[in-house]
Amino acid sequence: MARILPVIMCGGSGTRVWPESRESRPKQFISLIGERSTFQSIVTVLGDREIFAEPVVITNADYRFLVAEQLEEIGARARIVLEPTRRDSGPAVAVAAALAAKSGPDTIVAVLAADHVFRDSRLFAKLCEEAGLAAAAGAIVTFGVAPDHPATGYGYIRPGDPIDAAGKVRKVAAFVEKPDAAKAQKFVDEGYLWNSGNFIFRADVMLEELGRFEPEMAEATAEAVEKARSDLGFLLLDGESFSKAPKKSIDYAVMERTDKAAVIAADVGWSDVGLWSTVWRLSAQDSDGNSLRGKAVALDSHNVLIHAHDQLTAVVGLDNIIVVTTPDAVLVADAGQAEKIKQLVDRLKAEKRPEATEHKRAYRPWGYYQSVDEGARYQVKRIVVKPGGRLSLQKHFHRAEHWIVVRGTAEVTRNGEIHHVHENESIYLPIGCEHRMANPGKINLELIEVQTGSYLGEDDIIRIEDVYNRV
């Protein structure tokens, strides 16, 4: 069998692990467990080039530089495909199938979620090979996980008759929605499997099923792929075409309607890192069951998860509690009600609180900035520019800026003149001047920016020229 083409779905917002995960930097790009993000971990799992081809990553256009940066950090390569708008997993899978079919209609595709964990990567690769053989014969094979507890947050699969000689791959007798606690226990007792949401198919088989059940989606995504264009090394799908695709998950679009669905049991240490309670379960714990990360202390407490960033976070006499502190938000939750955090974020969005979606630290293709202090007519920011990073040539109508370099050397363009500003030096940028900052060095450029003026919003930026095509 030819190598499997892995396609990583990397567009979710991860609201259930707020406040660390937000739309501006969602959970798949955060090191919630271990040193690497879950996206980086799944890329690493797919590293066997005898089994897997170079992966394709399908992500939202807003995350393109995050994806590229995280691939660079682990020395990996991938083809990055950008969705101009969010349309759920159905259209994304349709795009994956259409792209794969260009290499050959019988290309075997593995669609995997960027926020899932497979702890036994060798066994997972072997299962992909076995599932790939069934997919080559025309099945759409999903990975089913034997439950280790009666979870109410996962969908379930009832396995049917075997379709391969070894009896490992079975027909899907039924997909079952997320159950209540009593039904979940019943499903576990009766041998149901968790629906992991990862699956393998032949490109032409998936396209045929999409054409049968969702012709509008199939047509719109095929057109979006045909009209796609290269943009700074990314493949940008055609926006007008892609927006015509109905917003629908692949489960509803195909998997629950096709007669080709099959399941293979995957005992590979799988977890969907979708809840803080899951993060606790997968993380290292002390003798009291506490998982502590960052500046965290727990006294006379049990089964507590604490993720602390800059400030010391301490708990006393608590059990089964989640505490997450970030520079601009604090979450305290009963671990048994972790699923309600999504409702909390929805409420914060309805109240138009910026903390619901934006981090205090704002990441950009060139680095990041973070607000330090603000008041009437002034704002102070810390700015970090990566080596080779280059901000847009821009101007402001309502504010002036003072840049003080604390590390590295800044190459500053001001009204056409180039200035090199070194450590402990500063430069003034008056209202209306055209300016740009770049880091020509080999270490991070760090500076403090002091803004003064009548309006300090981020929308007071007129970009004149930009290497990242944001003009």
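What counts, and where the lines are drawn
Residues numbered from 1 in each chain as written. Predicted model: local features only at pLDDT ≥ 70, side-chain atom pairs only at ≥ 80, totals over all residues. Heavy atoms only, no water. Salt bridge = Lys/Arg side-chain N within 4 Å of Asp/Glu carboxyl O. Helix = DSSP H or I, 4+ residues; strand = E, 2+ residues; numbered from the N terminus. Core = buried A, V, L, I, M, F, W, Y, C linked by side-chain atoms within 4.5 Å. Buried < 20%, exposed > 50% of the residue type's maximum accessible area, 1.4 Å probe, protein only. Contact = heavy atoms within 4.5 Å. Pairing = 2+ DSSP bridges. Axes fitted to C-alpha atoms, helices over the stretch in contact; angles between N-to-C directions. Parallel < 35°, antiparallel > 145°, perpendicular 65-115°, else oblique. Left-handed = near helix turned anticlockwise from the far one by under 90°. Nonpolar A, V, L, I, M, F, W, Y, C, P; charged D, E, K, R; others polar. Phe/Tyr/Trp six-rings, centres within 6.5 Å; stacked < 30°, edge-to-face > 60°. Lys NZ or Arg CZ within 6 Å of the ring centre and 35° of its normal.

One pass over the structure, following the stated rule, counts 25 salt bridges. With its nearest N and O atoms 2.9 Å apart, the salt bridge here joins Glu69 to Lys386. Here Lys386 lies in the loop between strand 22 (378–385) and strand 23 (393–395) and Glu69 lies in helix 2 (residues 64–73), a separation of 317 residues in the sequence. Among the charged side chains, a network of salt bridges with common partners joins Lys126, Glu130 and Lys168.

This part is about the nonpolar core. Counting residues in each nonpolar core, the largest one holds 50 residues, and the members touching the most others are Ile8, Phe39, Val67, Phe124, Val141, Phe143 and Ile200. Among the elements that make up this core, the one with the highest residue count is helix 4 (residues 121–136) (seven residues). When near neighbours in sequence (up to four residues on either side) are disregarded, Ile200 contacts Ile108, Val109, Ala110, Cys128, Ala131, Gly132, Ala135, Ala139, Ile140, Val141 and Phe143. In terms of nonpolar packing, the next biggest core, distinct from the first, is built from 43 residues, Ile58, Leu99, Leu193 and Val225 among them.

Taking strand neighbours across the sheet as the criterion, the four strands line up as 14-16-18-19 in an open arrangement whose pairing is mixed. Taken across any chain shown, the strands that pair with only one partner, and hence form the sheet edges, are strand 14 (291–293) and strand 19 (329–334). Here the average twist between neighbouring strands, direction ignored, is 5 degrees. Across three bridges, the pairing between strand 14 and strand 16 (residues 305–308) is parallel. Residue pairing across strands places Leu292 opposite Ile306, the latter belonging to strand 16.

The side chains of a regular strand alternate between the sheet's two faces. Burial of strand 27 (residues 426–429) is one-sided: the residues Ile427 and Leu429 facing one way are buried, the residues Ser426 and Tyr428 facing the other way are not. For strand 24 (residues 399–407) and strand 27, the ladder comprises four bridges, and the chain directions are antiparallel. Residue pairing in the sheet places Ile404 in a bridge with Ser426 of strand 27.

A few words on the packing of helix 3 (residues 89–103) against helix 7 (residues 215–226). Working note: a packed helix pair is described by the angle between its axes plus the distance between those axes. Remark: helix 3 packs on helix 7, axes separated minimally by 9 Å, with the N-to-C direction vectors making an angle of 55 degrees. Compared by their axis directions, helix 3 and helix 7 come out oblique. Crossing of helix 3 against helix 7: the hand is right-handed. Judged by residue contacts, Gly90, Pro91, Ala94, Val95, Ala98, Leu99 and Lys102 of helix 3 engage Met217, Thr221, Val225 and Glu226 from helix 7. Split into classes, the residues belonging to the contact of helix 3 with helix 7 amount to seven nonpolar, two polar and two charged.

Tallied over the entire structure, the rule returns 13 aromatic pairs. Between Phe29 and Phe39, the aromatic rings sit 6.0 Å apart at their centres with planes inclined by 70 degrees, giving edge-to-face as the arrangement. Pair noted here: Phe29 is in the loop between strand 1 (5–10) and helix 1 (38–45) and Phe39 is in helix 1, with a separation of 10 residues, a long-range link. Phe29 gets classed as buried once you look at its relative accessible area, which sits at 2%. Exposure remark for Phe39: the relative accessible area of 0% places this residue in the buried category. Between Phe65 and Tyr468, the ring centres sit 5.4 Å apart and the planes meet at 75 degrees, which makes this aromatic pair edge-to-face. On the criterion of sequence distance, the pair formed by Phe65 in helix 2 and Tyr468 in the segment after strand 30 (462–465) is long-range, its members being 403 residues apart. A residue is classified by how much of its surface remains accessible, and Phe65, at 22% relative accessible area, is partly exposed. Each residue in the set Phe29, Phe39 and Tyr63 is aromatic and connected to the rest through ring pairs, giving one cluster. Stacked on the ring of Tyr368, the Lys or Arg Arg361 has its end atom at 4.0 Å from the ring centre.

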